[in-house]
Structure formats: structure tokens, C-alpha cells
Amino acid sequence: MHAQSFDKWPVEWVDRFDALFAIDPPIINNDKKDKIVWRNGRGRCCDFSVSNVWEDLRTCNQVVPWANLVWFSQCVPRHSFTMWLAVHRRLKTHDTMGVWEKNDGMVCAFCKSVPDSHNHLFFECEYPKRVWSELKCLARLDHAPISWDSLLEFMISKPVNKSIWSIIQRLLLGAILYYIWQERNLRIFQCKARPCSELICIINEVVRLRLMSLKLNPSRQVSDAADLWGFHGPEVFNMAKLLVYNDAGGCRRYTGKGPVFKYDVGGHHFVVS
Ligand SMILES: [Zn+2]
């Protein structure tokens, strides 16, 4: 490329990007491959990628305290979306709709006594309360509050990490919110109703299937969760029965000690350390 090359550019470009004339003409090295780089907002050059450019151009706000409660790598996106709406109190509950239009006929689809609201549906009303009460102990949330405001505060105060119980707690809460809201809408708009026990089974199964799809490292906590949720056969996670192999192919029972082994059970890959 030569300095004269600029002369061949459309005139309007020359007018618009006059800075081009202030740049030294590049020295072409035919032995090197062209590479596209992106100078980010901090002035650092990095590889050009859509994600790098997007990170640089988008407006970043402060991370909200409930971010990891709603969005996490193991989440079920449609459950997270419902939870996100609930956190913002944006589900179209009767108390919200009553502000737009007065309608005395709006009563909770479950108890038929009062208009519903976030606090009523999660989980003050009898039907949702039973769903929550029966399932929360499966996530070690026995002492979690019943009312949505207090529950949200409680969940935010809990440490969020990659431990199996933290994942189960967030998965379960998201699934319960999603299916309660779905059941409420089915009752209102399609006149269909499932018994409480059926909804509990559906939620339990959905969370169990999600857990089965995760790659988990065996540990005592995972073993306990697997026993409770039944997301793997005990022959895989019962540590006392777990067999591991050494480099020479020798087999022994896993004792929780010893060098790292890799093994493969039923298509699931585990590392035991
Ligand atoms: Zn109710």
C-alpha cells in the first residue's frame, strides 16, 4: 500500500476520515499473515471478536445482588426468565393489573379468595405454599421464609458457588416459580388444573433431569444429593462402592485418598482426586 493509494479512495471518504492522511503508510511484510486486532476502551489491543467488541461497546451497570441467583451456567433459561420477572415484580399479577383497570372479579386461581400478587403466589397461598414446603427440604432450604420479599433476601444472603447444594437451591427455586406461574395461567386461561402432588412430581423430575445432565466431580456432597434426588445410581456415587483404576489398569475401591484417576461411567466423565 502506498501513500498515493489514499488518493484513489472516494472523495467523500477523504472528507469524512481526514485522519487517514495523518497515518504513516503501513510497511507491507508479505511473509506475515494479516491479523485483525481490536483496540478496546482501555487502549489495549486484543484479538478481534464479536464478544470483545460487544463487551467494549455495551453499557455496563453495577452487578445486581441477585444476578447469580437468577443467571448461572446450570440454569434452565425459561425458569430464569420467570424468576427475573419475579425479582423485578413484573409478572402480571392481579395487584398490578388492578392499577390499570378495576375488576372485582379478579381472584387467585388457587384459593379463589383474594386477588393474587407476588407475595401471595410465592408462597403465601395454600397451594403454592404446599409445593414450596414439600420441595424446599430437598434443597436444604428447610428454614427458608415463605413470603417472596423475605425469601429473596434470604436467598441473596446465601453464598452462591459451584457446590451441588447451591446449584440445586437455585435450580429448584427457579423451577418452582416457573411451574407455579404456569399452573396459575393454565387455571385462568385454559380452565385446567393439576393437583398439587402432580406439580410437585413435575418440578422434582425437571430438576432431577437437569442435574443428570451436569458433569459433576464425585464428592460426599454430590453423593448425598444423588441419593436424595436419585440423579445417578448409587453404584456411581456411593463412594464406598466406587471402583477406580490406576495407570497400570489395577482396580481398587475408592477411599478418598490417593493420586488423581480418570474414569468413565455410563458416558459420564469424572475425575477423582
Ligand atoms: Zn390464593
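Residues numbered from 1 in each chain as written. Predicted model: local features only at pLDDT ≥ 70, side-chain atom pairs only at ≥ 80, totals over all residues.

### Thoughts on the nonpolar core
- With 43 residues, the main nonpolar core has Leu172, Ala175, Ile176, Leu177 and Ile180 as its most contacted residues.
- Broken down by element, the residue count for this core peaks at 13 residues, all from helix H9 (residues 164-189).
- The residues that make up this core include at least three from each of domain 2 (67-212) and domain 3 (220-272).
- With residues up to four places along the chain from it excluded, the contact list for isoleucine 176 reads Val131, Trp132, Leu135 and Ile203. (Core = buried A, V, L, I, M, F, W, Y, C linked by C-beta atoms within 7 Å. Buried ≥ 20, exposed ≤ 12 C-beta atoms within 10 Å, placed from the backbone. Helix = DSSP H or I, 4+ residues; strand = E, 2+ residues; numbered from the N terminus. Domains from an automatic or database assignment. Contact = placed C-beta atoms within 7 Å.)

### Some remarks on the packing of helix H7 (residues 126-136) against H9
- Where H7 meets H9, the closest approach of the two axes is 11 Å, and the angle between their N-to-C directions is 160°. The angle between the axes of H7 and H9 places the two elements in the roughly antiparallel class. Between H7 and H9 lies a crossing whose hand is right-handed. Two secondary-structure elements touch here, H7 through Pro128, Val131, Trp132 and Leu135 and H9 through Leu172, Ile176 and Ile180.
- Classifying every residue of the contact of H7 with H9 gives 7 nonpolar, no polar and no charged. (Axes fitted to C-alpha atoms, helices over the stretch in contact; angles between N-to-C directions. Parallel < 35°, antiparallel > 145°, perpendicular 65-115°, else oblique. Left-handed = near helix turned anticlockwise from the far one by under 90°. Nonpolar A, V, L, I, M, F, W, Y, C, P; charged D, E, K, R; others polar.)

### Quick word on the packing of H7 against helix H10 (residues 196-212)
- Between H7 and H10, whose axes approach to 10 Å, the crossing angle comes to 45°. As judged from the angle between their axes, H7 and H10 are oblique. Every pair of crossing elements has a handedness; the one defined by H7 and H10 is right-handed. The segment H7 lies against H10, with Tyr127, Arg130, Val131, Glu134 and Leu135 engaging Cys196, Leu199, Ile200, Ile203 and Asn204.
- Split into classes, the residues belonging to the contact of H7 with H10 amount to 7 nonpolar, 1 polar and 2 charged.

### Details of the environment of threonine 93
- Within the fold, threonine 93 resides in the loop between helix H4 (77-87) and helix H5 (94-100).
- Sequence separation between threonine 93 and cysteine 108 is 15 residues; the distance between their C-alpha atoms is 9.2 Å.
- Those residues in contact with threonine 93, other than ones at most four positions away along the chain, are Asp116, Ser117, His118 and Leu121.

### Things to note about the confidence of the model for the protein
- For the protein, mean pLDDT is 83; residues scoring 70 or higher make up 81% of the total.
- The lowest-confidence element of the protein is helix H12 (residues 234-237), averaging 42 in pLDDT; the highest-confidence one is H4, averaging 97.
- In the predicted structure, residues 233-241 sits below a pLDDT of 50 and forms 14 contacts with residues beyond four places in sequence or in another chain.
- Scored below 50 in pLDDT, residues 259-273 shows 22 contacts in the model against residues more than four places distant or in partner chains. (pLDDT = per-residue confidence, 0-100.)

### Comments concerning H7
- Looking at H7, one finds that the buried residues are Tyr127, Pro128, Val131, Trp132 and Lys136. All buried residues of H7 project into a common sector of 145° when viewed along the axis, lining one side.
- Where H7 is buried, its residues meet helix H6 (118-124), H9 and H10. (Arc of directions from axis to C-beta.)

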